Amino acid sequence: MSKSIEVNDLNVFYSDFLAVEDVSMNIEPRTVTAFIGPSGCGKSTFLRTLNRMHEVIPGATVKGSVYIDGENLYAPGVDPVLVRRQVGMVFQRPNPFPTMSIKENVLAGVRLNNKRISASDANDLVEKSLRGANLWNEVKDRLDKPGAGLSGGQQQRLCIARTIAVSPQVVLMDEPCSALDPISTFAIEELITELKNEFTIVIVTHNMQQASRVSDKTAFFNIAGTGKPGKLIEYADTATIFTSPKEQATEDYVSGRFG
Amino acid sequence: MTAVTSAPATAPSISLTSGQLPRWIEPALAIGTAVVVAAVLLVIQLFNPAVWLILTAVFYLIAISVGSGIVEGRRKAVDRVVRGLVVCAFVLAVAPLISTLWTVVAQGLKVLTWDFVTKPGGSVFDPNTLAVTNTPGALQAVVGTLIITGIAALISVPIGILAAVYLTEYALPSNPLRRVITFLVDVMTGIPSIVAGLFAFSLFALIVGPKAFSGFSASIALCVLMIPIVIRSTEEMIRLVPNELREASLALGVPRATTIIKVVLRTAASGIVTGVVLAVARVVGETAPIFIAASFTDNFNADPFSGPMQTLPVMAYTAYSFPGKDIEASQAQAWGAALLLVIVVVIFNLIARIVAKAFAPKSR
């Protein structure tokens, strides 16, 4: 249920503007990889190229290749819709569908794709996904209530349940805790360590403690200045990045002496 | 009173208290002024509701500004005067509305019976006695209104919603076609309805020859008026759907078309329905284009493709402008049609509210 990711010489553009330059990295299956770096350095942009969400923005293009278990996402003829069914994504702000109940939100990936699912299978899937997202006990008595009525942290876990309900190989998380309080953040970090057993996880975070707590490997991105492309500065084991990084820029950033 | 407003000499520091008029002063003063003004006007025998209300407002504003200025100071006086002015503006805005409704209901109720709604009206000429008997009835107009507006809605709503989807979801801001459509929609929203009527009539005159009156051509005229309204309101509603929902859906591997139908349109459904029904309510009262395209008739005609067709606004207009022998009865018919029209619009609005509520995103 999890796959490796191999990125080769990836350049990401918004129209003519080069946003991320020349990134290459290998991500092992069943690991958590954290992307850290200052705002605007292209972490989220790069993350969105891993499930072809980048091109949803008008004018956005990508050069290079991303292999998921040997299959190039950017080969001609690849259907982005099929890619996104393999590589799920959790966003910065919790975004449950406001017209759907908690249960319908979890089943959204199935129902929106017009797949037939029997009532008992649906109930099993809802329970499994919500348990997987550590939300089942909190919402099991109000599955038919609107998803928008939950607290921010619960909504974010609902979005994670929705993502894992379609059983992807990889889960991308774009600052999943930045809108949450410390307790909800802790709940989601716990969840990430559990999800690691089944999924390959890539997480963008601004919180370096979070990166050091949850991730196996860390990639540090930086930007030379406004208008310059973001670059991958260093990619290594999380322990190495936070204790003995090779690059001076990484050390400055993780030790708070950035700039 | 003066002791409160003037700063205490012993404590030059800032005081947090100030003079205050009691809470009931505004309504009490307004009623008091109204009573006094009414009494004075009655005494000098110039009583007239309009003069009474205007003088009451003027004297109330003067009294409250002076009184509050003395007791509470300048800032609160200004606040109270402005509040009074705002209430006056509100009353001015609502008065014509209530007056219109009152007149329509009062005049219309005289003829509005169950028979008026369920029987076609008209005049019967008896060649033996040379007498013309008029029977009041609006069934032909009710049916005509529903058919003409219904066909117009059936044509405009899909076109309007799909055009709005194209403008918001598919066309990039730089797309020249999008700019052309947006410009044309803006222009079309301002088209005088009579022009739409002439357009539809001449179009059908070209197709089926002279005497091209038909309910369907009136529907086409209404479409010309309705499509831009539907596009505009739908476009705004779709733009309100947060982009995050589209991304959430796309990231689940949902194709774009399905995302638009099941997430974007579903989330905006409540607003779209409201906009559509308001557009229908707007064209249901159109007179000029229907008068030109469908003409008018007292005969019952439920076939939109041949012959003149009556609608409620046209019935009100013709009954008033071209009355029969019994002028009083014709005018009563006009009021009845007007009241029926108001009732139809109210029903549409109620339906819109109920449907919009059913579709609205819930948070509890």
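Residues numbered from 1 in each chain as written. Chains lettered and ligands numbered in written order. Predicted model: local features only at pLDDT ≥ 70, side-chain atom pairs only at ≥ 80, totals over all residues.

## Regarding the overall build of chain B
Assigned secondary structure in chain B consists of 14 helices and 2 strands. Since a compact globule built from 364 residues should have a radius of gyration of about 21 Å, the 29 Å found for chain B marks it as more spread out than a globular shape. Each principal axis of the C-alpha atoms in chain B carries an extent, and together these give about 95 × 75 × 40 Å. The buried share among the 364 residues of chain B stands at 34%. (Helix = DSSP H or I, 4+ residues; strand = E, 2+ residues; numbered from the N terminus. Rg over C-alpha atoms; globule rule 2.2 N^0.38 Å. Buried ≥ 20, exposed ≤ 12 C-beta atoms within 10 Å, placed from the backbone.)

## Considerations on the overall build of chain A
Broken down by element type, chain A carries 11 helices and 10 strands. In terms of C-alpha radius of gyration, chain A reaches 18 Å, essentially the compact-globule figure of 18 Å for 259 residues. Summarising its shape, the C-alpha atoms of chain A cover approximately 55 × 45 × 30 Å along the three principal directions.

## Quick word on the domain arrangement of chain B
Residues and elements named next belong to chain B. Taken domain by domain, chain B holds domain 1 (2-108) and domain 2 (118-358). Here the C-alpha centroids of domain 1 and domain 2 sit 44 Å apart. Contacts between the two partners involve 4 residues from domain 1 and, on the opposite side, 5 residues from domain 2. Its residues placed into classes, the side of domain 1 that touches domain 2 shows 2 nonpolar, 2 polar and no charged. (Domains from an automatic or database assignment. Contact = placed C-beta atoms within 7 Å. Nonpolar A, V, L, I, M, F, W, Y, C, P; charged D, E, K, R; others polar.)

## A few points about the interface of chain B and chain A
Opposite the 21 residues of chain B that make contact, chain A presents 25 residues. Contributing elements (two or more residues each) for the side of chain B that touches chain A: helix H10 (243-251) and helix H11 (256-284) of chain B. At 7 residues, the largest contribution of residues to the side of chain B that touches chain A is made by H10 of chain B. Tallied by class, the residues present in the side of chain B that touches chain A amount to 10 nonpolar, 5 polar and 6 charged.

## Here's the deal with the environment of Gly147 of chain A
Residue and element names in this part refer to chain A. Tracing the chain through its elements places Gly147 in the loop between helix H6 (136-139) and helix H7 (152-165). For the pair Gly147 and Val106, spaced 41 residues apart in the sequence, the C-alpha separation amounts to 9.4 Å. In this structure Gly147 touches Pro96, Phe97, Met100, Ser101, Ile102, Asn105, Gln155 and Leu158, once residues within four positions along its chain are discounted.

## Here's the deal with helix H13 (residues 312-321) of chain B
The element H13 of chain B is extensively covered by neighbouring structure, given that 7 of its 10 residues are classed as buried. For H13 of chain B, the set of buried residues is Leu312, Pro313, Val314, Met315, Ala316, Thr318 and Ala319 of chain B.

## Topic: the confidence of the model for chain B
All names here are of chain B. Here chain B averages 87 in pLDDT, while 95% of its residues score no lower than 70. Here helix H1 (residues 2-5) is the element of chain B with the lowest mean pLDDT, 49, and helix H9 (residues 215-240) is the one with the highest, 94. In the model output, the complex is listed with pTM 0.83 alongside ipTM 0.89. (pLDDT = per-residue confidence, 0-100.)

## Topic: the packing of H7 of chain A against helix H8 (residues 182-195) of chain A
All names here are of chain A. Taken N-terminus to C-terminus, the directions of H7 and H8 make an angle of 20 degrees; their axes are 9 Å apart at the nearest point. Between H7 and H8, the angle falls in the class roughly parallel. The crossing of H7 and H8 is right-handed. Along the contact surface, H7 presents Gly152, Gly153, Gln156, Arg157 and Ile160, while H8 presents Ser184, Ala187, Ile188 and Leu191. Residues that form the contact of H7 with H8 fall into these classes: 4 nonpolar, 4 polar and 1 charged. (Axes fitted to C-alpha atoms, helices over the stretch in contact; angles between N-to-C directions. Parallel < 35°, antiparallel > 145°, perpendicular 65-115°, else oblique. Left-handed = near helix turned anticlockwise from the far one by under 90°.)

## Regarding unusual backbone geometry
All names here are of chain A. Even without being glycine, Arg30 reaches a positive phi, approximately 55 degrees. Note on placement: Arg30 falls in the loop between strand E2 (17-27) and strand E3 (32-36). Looking at Arg30, the number of C-beta atoms within 10 Å reads 16, which means it is partly exposed. Of note, Asn134 is a non-glycine position whose phi angle comes to about 60 degrees, a positive value.

## Some words on the packing of H10 of chain B against H11 of chain B
All names here are of chain B. Two elements in contact, H10 and H11, have axes whose closest approach is 10 Å; the angle formed by their N-to-C orientations is 155 degrees. Compared by their axis directions, H10 and H11 come out roughly antiparallel. Like other packed secondary-structure pairs, H10 and H11 cross with a definite hand, here right-handed. Here Leu245, Arg246, Ser249 and Leu250 of H10 lie close against H11, whose contacting residues are Thr259, Val263, Val264 and Thr267. For the contact of H10 with H11, the per-class residue count stands at 4 nonpolar, 3 polar and 1 charged.

## Considerations on the pairing of strand E1 (residues 5-14) of chain A
Residues and elements named next belong to chain A. When E1 meets strand E4 (residues 60-68), the two strands line up antiparallel, connected through 8 bridges. Paired with Ile5 across the two strands is Ile68, which belongs to E4. Sheet topology note: the E1/E2 ladder contains 7 bridges and is antiparallel. Bridged to Tyr14 within E2 is Phe17. Adjacent in sequence and paired antiparallel, E1 and E2 are bridged by 2 residues, among which Ser15 carries a positive phi angle near 50 degrees. (Pairing = 2+ DSSP bridges.)

## Focus on the sheet that holds E2 of chain A
Residue and element names in this part refer to chain A. Sheet architecture is open: 10 strands sit in the order E5-E4-E1-E2-E10-E9-E3-E8-E7-E6, paired in mixed fashion. Only two strands of the sheet have a single partner each, and these edge strands are strand E5 (71-72) and strand E6 (87-90). As defined by bridge partners, E2 adjoins strand E10 (residues 230-237) across 2 bridges and the pair is classed as parallel. Bridge pairing in E10 links Val20 to Gly230.

## What to know about the pairing of E10 of chain A
Residues and elements named next belong to chain A. Pairing between strand E9 (residues 217-223) and E10: 7 bridges, direction antiparallel. Paired with Asn222 across the strands is Lys231, a residue of E10. Hairpin connection of E9 to E10: 6 residues between the antiparallel strands, including Gly227 at a positive phi of 85 degrees.

## So, the nonpolar core
Residue and element names in this part refer to chain B. Ranked by internal contacts, the top residues of the largest apolar core, which has 147 residues, are Met226 and Ala337. With 15 residues, the single largest contributor to this core is H9. Not counting residues within four places of it along the chain, the set of residues in contact with Ala337 comprises Ala138, Ala141, Leu312, Met315, Ala316 and Ala319. (Core = buried A, V, L, I, M, F, W, Y, C linked by C-beta atoms within 7 Å.)

## A short note on the environment of Ser129 of chain A
All names here are of chain A. On the secondary structure map, Ser129 appears in helix H5 (residues 119-132). Distance from Ser129 to Ala165, taken between C-alpha atoms, is 5.4 Å for residues 36 residues apart in sequence. The residues touching Ser129, leaving out its near neighbours within four places in the chain, are Val106, Ala161, Ile164 and Ala165.

## As for the environment of Ser65 of chain A
Residue and element names in this part refer to chain A. As for its placement among the helices and strands, Ser65 is situated in strand E4. Look at Ser65 and you get partly exposed, because 15 C-beta atoms sit within 10 Å. Those residues in contact with Ser65 that lie beyond four places of it in its chain are Asn8, Asn72 and Tyr74.

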